[in-house]
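Close look at the chain arrangement
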Amino acid sequence: MGKVMSKVVLVTGGAGFIGSSFIHYLSKEHPDYVIINLDKLTYAGNLENLRGIDTRANYHFVKGDITNRELVEYVFEKFKPNYVVNFAAESHVDRSITGPEVFVRTNIYGTQVLLDVAKDFWVRNNMLEHSRFLQISTDEVYGSLPLESKDKFTEESPLNPNSPYSASKAGADLLCRSYYVTYGMPILITRSSNNFGPRQYPEKLIPLMINNAVQGKPLPVYGDGQNMRDWLYVEDNCNAIDLVLHKGIIGEIYNIGGGNEWKNIDLVNLICELLGEVTGKPSENYKRLITFIKDRPGHDRRYALNSDKIRRKLQWKPKWNFRDALRYTIEWYVKQFKL
Ligand SMILES: NC(=O)c1ccc[n+]([C@@H]2O[C@H](COP(=O)([O-])OP(=O)(O)OC[C@H]3O[C@@H](n4cnc5c(N)ncnc54)[C@H](O)[C@@H]3O)[C@@H](O)[C@H]2O)c1
């Protein structure tokens with residue numbers, strides 16, 4: 001029997017919300033893997049997210065930008081990764097509306113640099129056959145569905161991104177596809193719905209509402225609050241990403257949805273109720289902070305994902321019950337606040 005090669009996984013954006021959760025997950029599930037975390041530490045990256053991991057001998061942090069080709073080449077030469085999981089991105093839709101440029105730079109150009117360096121390194125070292133490049137994408141590349149529709153996006157749905165953020169993510173997906181078709185790069189793509197959980201930067205809906213509510217600040221809800229999102233607990237996403245990384249078919253795309261659609265206003269009300277349970281204060285104190293604000297331009301009405309493929313082919317399903325996961329997340333943020 002040949003020697004089983006141990007895995008060296010380059011995780012980009014591993015100091016952010018999902019990337020750090022994935023590093024925690026990976027080091028628990030595969031303690032023998034060497035993990036390299038390449039992160040620029042933008043406003044969204046926080047090394048506190050890796051507390052407990054950072055002392056491990058087989059974990060290495062490199063501060064740097066995925067658009068810096070020389071640095072990425074250095075990382076490949078030094079650590080010789082055979083798996084790449086690309087989380088690094090500008091990820092906030094509102095910021096992409098006011099400043100799209102950095103989204104194109106990081107999300108598209110950065111992905112191209114990673115693809116190119118990985119290709120050259122793997123070809124030169126005869127590693128292509130045993131390597132994998134997993135691009136972390138989003139359901140937002142499919143665009144929006146009408147509220148009244150029962151449709152869900154499948155992996156075959158056309159790409160119709162509506163914000164500079166989702167357009168940049170769609171651009172990266174297409175580049176990945178082209179590297180698979182043109183150069184035979186071992187590409188995999190996951191497209192997940194909205195994640196929630198501990199460690200998310202509090203500009204995103206769920207942590208923003210929790211943090212504002214705890215401080216008695218207004219809870220800003222866009223437009224009429226009827227926009228629908230499919231919520232997925234971050235650990236369930238990490239489990240799905242791990243499955244795709246190891247068992248997914250090269251060249252394929254996997255949707256990852258929670259099958260858990262909520263109108264924004266109903267979700268904010270539920271957060272207020274759970275906050276009441278967690279803090280022992282009347283939930284009405286929180287609900288009265290809800291304030292409707294002018295809608296986001298180009299605000300997608302509804303996202304809904306069909307995840308049959310990953311459920312059938314890789315036997316994935318979310319393990320967490322939504323209410324429990326949301327309550328746990330609220331407890332986590334409330335605890336942070338008391339520190
Ligand atoms: N949060 C969600 O609900 C969600 C849903 C679907 C897909 N995604 C995708 O998952 C990935 C991670 O999302 P997140 O919510 O954890 O984002 P995040 O904003 O919390 O983290 C992004 C991380 O990438 C780093 N980064 C940004 N630009 C970089 C660069 N040029 N070079 C190196 N590092 C850089 C940041 O420092 C940060 O640590 C993104 O690709 C995003 O598009 C997120």
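Scope of this entry: the structure provided in the associated data block.

Definitions and cut-offs
- Residues numbered from 1 in each chain as written.
- Predicted model: local features only at pLDDT ≥ 70, side-chain atom pairs only at ≥ 80, totals over all residues.
- Heavy atoms only, no water.
- Helix = DSSP H or I, 4+ residues; strand = E, 2+ residues; numbered from the N terminus.
- Buried < 20%, exposed > 50% of the residue type's maximum accessible area, 1.4 Å probe, protein only.
- Contact = heavy atoms within 4.5 Å.
- Near = heavy atom within 4 Å.
- Polar contact = N/O pair within 3.5 Å; in protein donor to acceptor, adjacent residues only side chain to side chain.
- Areas by Shrake-Rupley, 256 points an atom, 1.4 Å probe, with all protein chains shown as cover.
- Nonpolar A, V, L, I, M, F, W, Y, C, P; charged D, E, K, R; others polar.
- Axes fitted to C-alpha atoms, helices over the stretch in contact; angles between N-to-C directions.
- Parallel < 35°, antiparallel > 145°, perpendicular 65-115°, else oblique.
- Left-handed = near helix turned anticlockwise from the far one by under 90°.
- Phe/Tyr/Trp six-rings, centres within 6.5 Å; stacked < 30°, edge-to-face > 60°.
- Lys NZ or Arg CZ within 6 Å of the ring centre and 35° of its normal.

Now for the environment of valine 84. Following the sequence through the fold, valine 84 ends up in strand S4 (residues 83-86). For valine 84, a relative accessible area of 0% corresponds to the buried category. Along the backbone, valine 84 and threonine 12 are 72 residues apart, and their C-alpha atoms lie at a distance of 7.8 Å. Residues within four places of valine 84 in sequence aside, it is in contact with Leu10, Phe76, Trp122, Arg132, Phe133 and Leu134.

What follows covers the environment of arginine 177. Positionally, arginine 177 belongs in helix H5 (residues 164-183). For the pair formed by arginine 177 and isoleucine 253, sequence separation is 76 residues and the distance between their alpha carbons is 9.6 Å.

What follows is about the site of the ligand. Near the ligand, the surroundings consist of 29 residues, among which Ile18, Asp39, Ser91, Tyr165 and Lys169 are the closest. Threonine 42 places a polar main-chain atom, nitrogen or oxygen, 3.0 Å from an oxygen atom of the ligand. Between the ligand and tyrosine 165 there is a distance of 2.6 Å, counted from an oxygen atom to a side-chain nitrogen or oxygen. Protein contacts shield 97% of the accessible area of the ligand, which totals 830 Å² for the unbound molecule. Taken together, the elements giving at least two residues each to the shell around the ligand come down to helix H1 (17-29), strand S5 (132-138), H5 and strand S7 (194-196). Considered class by class, the residues forming the shell around the ligand number 11 nonpolar, 14 polar and four charged.

Here the focus is the packing of helix H6 (residues 205-214) against helix H8 (residues 264-279). Two quantities define a packed helix pair, namely the angle between the helix axes and the distance between the axes. Remark: H6 packs on H8, axes separated minimally by 10 Å, with the N-to-C direction vectors making an angle of 45 degrees. Viewed along their axes, H6 and H8 adopt a mutual orientation that is oblique. Seen from above, H6 lies across H8 with right-handed handedness. Of the residues in H8, those in contact with Leu205, Ile206, Met209, Ile210, Ala213 and Val214 of H6 are Asn264, Leu267, Val268, Ile271 and Leu275. Residue classes in the contact of H6 with H8 are distributed as 10 nonpolar, one polar and no charged.

Turning our attention to the packing of aromatic side chains. A ring pair, where both rings are aromatic, is described by two values, the distance of the centres and the angle of the planes. All chains considered together, the criterion is met by 14 aromatic pairs. The structure contains a cluster of three or more aromatic residues connected by ring pairs, namely Phe196, Trp231, Tyr233, Trp262, Trp320, Phe322 and Tyr328. It is lysine 119 that lies over the ring of tyrosine 183; its NZ or CZ is 4.5 Å from the centre. Positioned over the ring face of tyrosine 254 is lysine 309, at 4.6 Å from the centre of the ring.

Geometry only, nothing functional implied.
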